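One-letter residues, chain by chain:
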Amino acid sequence: MKAVASSALAAWALLVVLVIALPVFADAGLNQQEAEGRRVMQRAQCNRCHEVSASDNRPAADGLPRAPREQSCVDCHTWILGTRGDTQAIERQRREYPDWDRYLQNIVHLTRLPHLGTVARRVEPAFLRRYLDGPFDLRPHLEESMVPLRLSASEKDAVVAYLVALSGRRSSTPPSVNEAGSPKPEVVSQVRINEGRRAFLGAGCAMCHVLGGERLVAGFTPSFFKALGPQAMLAPNLQFARERLKRETFVAFVQDPQSIDPHVTMPNLGLSREQAESIADFVLNTPIQFAVAPPPVPPAVPLLDREVPYSEVHREVFGLICVHCHMDPASNRGDGGAGNTGGLGFKGKGLVLETYAGLRRGLRRPDGTRLDVLVPRPGQTESFLVEVLLRRHEEARRDGVPAFATPDLQRSPIDPDAPGMPMGLPPLSLSKLSLVKTWIAQGARP
Ligand code: HEC
Ligand code: HEC
Ligand code: HEC
Ligand code: HEC
């Protein structure tokens, strides 16, 4: 990480300057609110994860430039993984980054996320606005989650206005939270729903999509979906389609996805209008079924009965997962990451997890004093660090498995004032939690 970060300093510095300077003169095609949305997204660094380029009927300058690779979670990860299987490229990188082979083994997450530049051509603005208030997992095959947003209502309005403008679909009425949610249910006969179900299964939609908690095809397990790879990874749970898409958009999208949203990876299956209409009858009207059993509650974290050295917790947890947002600014040209010096819309808590000293210094409270994260807060049994790691388990229990969760579990949003860690990533496994807890219990020695 450190080695990657220290390379090509001058070039990145120039890019950063360009990226900062761009918005000053690139607002030309946008009205005031849309330009504000663009500034909010730039400030909150949405482009560290999402691509936000304009649709082809908009000036390219209206889009957000990609974050420099140095900062972009997705671009840096795909850059590294892109050398897989290319022995010459790996050989070259090894000379500069001796740990390149380990990077190739370790990186799994943040490699492909939804494109936001044209998402509003498909998804209704009212849905996007509600989503920013309480993001939840739409895509059951994607382990990452959207991060909680600490933005004001008017900033979120501006973001949606900007995404709508960027997509080339200018809505005359600005979206508001109070706008009616789901469209009125149509009256569709059971016969048509059944026909639609057959068309849906016949067209192979269930290869990539789930609908509620229903396993539409026996034997399609989560590992099957995973094996399908990138084309299926972003496929949303279609239970949300009735809130997200107008019926006519649904029908047109299913016939020719790229004509509606050029950035989606769903294949064009060559369906006729009649087939698409029939599938819409089914997907938009069949009662949604949920799994009966609620997802498991996070278990108690057991202590290990062996010695756990710092080097091990650093290798497995802090240095592998946390460092990307809790860096030591000295080794990253002043950038301490979202959880330390700020980013992703957060001010940062002055918590460095790249070094032992940083971890011992703990975090900065609002009044400027420091909080030792290795001891429990009053009335708590777990250290604050473990408490925050368990919060992510609780969040994931609520929204991490929508395909198998009940609606009330799906829609209880993450509290942006007390986000669980690692933010937006799968909760730590029980064995990693045990490592952290045991190391702390044994005195948290260097
Ligand atoms: C750390 C990575 C990360 C950052 C930063 C991030 N997002 Fe996301 N976002 C995600 C992930 C992951 C998803 C997909 C969640 C899902 O579908 O299950 C997502 C989904 C979304 C969606 C829903 C897309 C759809 O198909 O409807 C919107 C809208 C969105 N993000 C907006 C934003 C905005 C605005 C920002 C900046 C303020 C932002 N995101 C920053 C990771 C991120
Ligand atoms: C400059 C390149 C670079 C950037 C930028 C970057 N990463 Fe990474 N990331 C890496 C490398 C290299 C590894 C493997 C680290 C190791 O093996 O110790 C990694 C591994 C990870 C892992 C653990 C493996 C996995 O996939 O779960 C997480 C989590 C992670 N990064 C999150 C992030 C987040 C969040 C961001 C954006 C805020 C980010 N990274 C930005 C290079 C980068
Ligand atoms: C090979 C995998 C694959 C197959 C097969 C597939 N899709 Fe998709 N579908 C996707 C992906 C991926 C996306 C989302 C792309 C994105 O958000 O970037 C998507 C998006 C959608 C959406 C938009 C949903 C939303 O909430 O935004 C609808 C509707 C949809 N698909 C319906 C269908 C139907 C109906 C079929 C069968 C005729 C089908 N899909 C077959 C992969 C697939
Ligand atoms: C995607 C970025 C990201 C990753 C990855 C991440 N953090 Fe954070 N972390 C943040 C942000 C942003 C904050 C500040 C939140 C706030 O202001 O309330 C934070 C705050 C914290 C806090 C203080 C929480 C509070 O409520 O005061 C702790 C403790 C913490 N992180 C631990 C971790 C640990 C341990 C990991 C790795 C397992 C980790 N973080 C990974 C972004 C991240």
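This text follows the structure it describes.
Note that the structure is a prediction, hence the values are computed from the model and not measured.

Undergrad: Sorry, what's going on with the overall build of the protein chain here?
TA: Assigned secondary structure in the protein chain consists of 20 helices and two strands. Counting every position in the protein chain, which comprises 446 residues, the buried fraction comes to 49%. For the protein chain, contacts bridging at least 24 residues in sequence account for 69% of all contacts bridging at least 6. Per element, the accessible surface of the protein chain, about 21400 Å² overall, is 58% carbon and sulfur.

Undergrad: I would appreciate a short explanation of the coordination of the iron atom of ligand 2 in the present structure.
TA: In a perfect tetrahedron of four donors around a metal, the angles come out at 109.5 degrees. In a perfect octahedron of six, they are 90 or 180 degrees. For the iron atom of ligand 2, the full set of protein donor atoms is His77 (NE2) and His324 (ND1), at a range of 2.1 to 2.5 Å. Classification of the site at the iron atom of ligand 2 rests on its six donor atoms, whose angles at the metal span 78 to 179°, yielding the label octahedral. In this pair, His77 is assigned in helix α4 (residues 73–81) and His324 in the loop between α16 (310–322) and α17 (356–361), connecting sequence segments 247 residues apart. Using a relative accessible area of 14% as the deciding quantity, one classes His77 as buried.

Undergrad: Explain the coordination of the iron atom of ligand 3 to me, please; I cannot follow it from the model alone.
TA: Those donors, His209 (NE2) and Met266 (SD), are the protein atoms that reach the iron atom of ligand 3, and they lie 2.0 to 2.1 Å from it. Metal-centred angles of 87 to 178° between the six donor atoms at the iron atom of ligand 3 mark the site as octahedral. One end of the pair, His209, is in the loop between α9 (190–202) and α10 (222–228); the other, Met266, is in the loop between α14 (257–260) and α15 (273–283), and 57 residues separate them in sequence. Judged by relative accessible area, His209 falls into the buried class, the value being 12%.

Undergrad: Would you explain unusual backbone geometry in this entry?
TA: Negative phi values dominate among residues other than glycine, just as trans dominates among peptide bonds. Cis geometry marks the peptide bond from Met421 to Pro422; its omega dihedral reads -5°. Among the structural elements, Pro422 can be located in the loop between α19 (407–410) and α20 (430–441). Unlike most non-glycine residues, Leu110 shows phi in positive territory, near 55°. Within the secondary structure, Leu110 is located in the loop between α6 (100–106) and α7 (125–133). With phi around 50°, Arg333 is a residue other than glycine that occupies positive phi space. Structurally, Arg333 is set in the loop between α16 and α17.

Undergrad: Would you mind showing me how to read the site of ligand 2 here?
TA: The environment of ligand 2 is made up of 22 residues, and the closest members are Cys73, Cys76, His77, His109 and His324. Here His109 contributes a side-chain N or O atom positioned 2.6 Å from an oxygen atom of ligand 2. No other element matches α4, which puts four residues into the shell around ligand 2. Among the residues making up the shell around ligand 2, the classes are represented as 13 nonpolar, six polar and three charged. Both domain 1 (2–166) and domain 3 (310–441) contribute no fewer than three residues apiece to the shell around ligand 2.

Undergrad: Looking at this structure, how should I read the site of ligand 1?
TA: Residues in close proximity to ligand 1 total 23 residues, the closest being Cys46, Cys49, His50, Arg139 and Met146. Within the side chain of His50, an N or O atom sits 2.8 Å from a nitrogen atom of ligand 1. At 2.7 Å, a side-chain N or O of Arg244 approaches an oxygen atom of ligand 1. A class-by-class count of the residues in the shell around ligand 1 yields 17 nonpolar, two polar and four charged.

Undergrad: What exactly am I supposed to notice about the packing of helix α3 (residues 32–43) against helix α8 (residues 153–166) here?
TA: Each packed pair of helices is defined by two parameters, the angle between the axes and the distance between the axes. At a minimum axis distance of 7 Å, the contact between α3 and α8 shows a crossing angle of 105°. Taken as axis vectors, α3 and α8 run roughly perpendicular relative to one another. Contact with α3, carried on its side by Gln33, Glu34, Glu36, Gly37, Arg38, Val40, Met41 and Arg43, involves Glu155, Asp157, Ala158, Val159, Ala161, Tyr162, Leu163 and Ala165 of α8 and no other residues of that element. Taken together, the residues of the contact of α3 with α8 break down into eight nonpolar, two polar and six charged.

Undergrad: Help me understand the packing of α16 against α20, please; the structure alone is not making it clear to me.
TA: Closest axis-to-axis distance for the α16/α20 pair is 10 Å, and the angle between their directions is 125°. The orientation of α16 with respect to α20, classified from their angle, is oblique. Between α16 and α20 lies a crossing of left-handed hand. The residues of α20 that touch α16, namely those facing Tyr310, Glu312, Val313, Glu316, Val317, Phe318, Leu320 and Ile321, are Lys432, Leu435, Val436 and Trp439. In terms of residue class, the contact of α16 with α20 is built from nine nonpolar, no polar and three charged.

Cut-off values and rules
Residue positions within a chain follow its written sequence, with the count starting from 1. Here chains are named by letter from A upward and ligands by number from 1 upward, in the order in which they appear as written. The predicted origin of the model limits local features to residues at a pLDDT of at least 70 and limits the giving and counting of side-chain atom pairs to 80 or more, whereas totals for whole chains, interfaces and linings rest on all residues. Working from all heavy atoms in the structure, the side-chain values ignore hydrogens and water. Strands here mean DSSP runs of E at least two residues long; helices mean DSSP runs of H or I at least four residues long; both are numbered from the N terminus. Here the term buried applies to any residue with accessible area under 20% of the maximum for its type, exposed to any over 50%, and partly exposed to those in between, with areas from a 1.4 Å probe on protein chains only. Residue contacts are defined here by distance: any two heavy atoms, one from each residue, within 4.5 Å place the two residues in contact. Only the protein chains shown count as cover for residues, and the accessible areas themselves come from Shrake-Rupley with a 1.4 Å probe. Excluding water, the donors of a metal are its N, O and S neighbours within 2.8 Å, or within 3.2 Å for Na, K and Ca, and that exclusion means sites may look incomplete. In this scheme the shape depends on donor count and angles: four donors with every angle between 85 and 135 degrees give tetrahedral, four or six donors with opposite pairs above 155 degrees and others between 65 and 115 give square planar or octahedral in turn, and any other case is irregular. Any residue with a heavy atom positioned within 4 Å of a molecule or strand is treated as near that molecule or strand. Whenever two N or O atoms come within 3.5 Å, that pair is a polar contact, provided that in protein one can donate a hydrogen and the other can accept it, and provided that, for residues adjacent in sequence, both atoms are side-chain atoms. Under the scheme applied, nonpolar residues are Ala, Val, Leu, Ile, Met, Phe, Trp, Tyr, Cys and Pro; charged residues are Asp, Glu, Lys and Arg; polar residues are all the others, including Gly. As used throughout, domain bounds are those supplied by an automatic or database domain assignment. Note on definitions: angles span 0 to 180 degrees between N-to-C directions of axes, and those axes are lines fitted to C-alpha atoms, for helices only across the stretch in contact. Oblique is the label for any angle not under 35 degrees, not over 145, and not in the 65 to 115 range, which are roughly parallel, roughly antiparallel and roughly perpendicular in turn. Each crossing gets its handedness from the near helix: less than a right angle anticlockwise from the far helix is left-handed, clockwise is right-handed.

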